[in-house]
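Each chain, letter by letter, is given below.
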Amino acid sequence: MNTSVKIIINLFILVVTLQSCNQDQTLQTFYVDNELAPGFTSLDVPVSMLQIDEESLTEEQLEAYESIEKLSLIAFVLDGSNKEQMVIEYAKVQSILKDPKYEELMRGGNSTDGKFVIKCTGDGDRIEEFILFGNSNTSGFGVIRVLGDDMNFNKIAQLAAVLRESDIENSQLDKFSNFFK
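Draft legend 1. The pattern of salt bridges, seen in detail. Overall, the coordinates contain 5 salt bridges when judged by the stated rule. Salt-bridge contacts for Lys-70 lead to Asp-44; the nearest nitrogen and oxygen are separated by 3.9 Å. Of this pair, Lys-70 sits in strand β2 (residues 68–77) while Asp-44 sits in strand β1 (residues 40–46); the two residues are 26 residues apart in sequence, bridging distant segments of the chain. A relative accessible area of 32% means that Lys-70 is categorised as partly exposed. The partner of Glu-104 in a salt bridge is Arg-107, with the nearest N and O atoms 2.7 Å apart. Residue class for Glu-104 comes out partly exposed when judged on its relative accessible area of 36%.

Draft legend 2. Region of interest: the pairing of β2. Burial analysis of β2 places 7 of its 10 residues in the buried class, which makes it a mostly covered element. Direction of pairing for β2 relative to strand β6 (residues 140–151): antiparallel, over a ladder of 9 bridges. Counterpart to Leu-71 in the pairing with β6 is Val-146.

Thresholds applied
- Residues numbered from 1 in each chain as written.
- Predicted model: local features only at pLDDT ≥ 70, side-chain atom pairs only at ≥ 80, totals over all residues.
- Heavy atoms only, no water.
- Salt bridge = Lys/Arg side-chain N within 4 Å of Asp/Glu carboxyl O.
- Helix = DSSP H or I, 4+ residues; strand = E, 2+ residues; numbered from the N terminus.
- Buried < 20%, exposed > 50% of the residue type's maximum accessible area, 1.4 Å probe, protein only.
- Pairing = 2+ DSSP bridges.

Dropping the structure here:
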């Protein structure tokens, strides 16, 4: 009797464990799987590389700046011969971002030039990740993940204005900023 109870408990634990394993692809696994793949280019950037003069920031901008840990960027660069692969990879990212944990904040663009969407995980003043996902019909698509702790969308938006004025053209982010122009 004791042995059969142990077997039942072990089987129950095994079933619960197997069901809790999520086999769906996440944005992080997409990054890891594709960062070195042909057609892709990627970059992880600590916030310190953004070359922002912290003394020129307002209190809210500084708070937003300090809440960001890093930017993770991945882009699929369209070169004319890889259009089919781009469509497949683009659909994978779209599928991942359909997960309800990604709350949509904004979308824009058009079908001629390209579209973008901004999503986040977390809520209110406790956002852990912002995702900018956009495509260009002539260049490909890209995903920028802004990772941090307790970020606030409104404060990050104010910080974005400072980024537009910063010396981003001379940084490693130049190719990504040009991609999203």
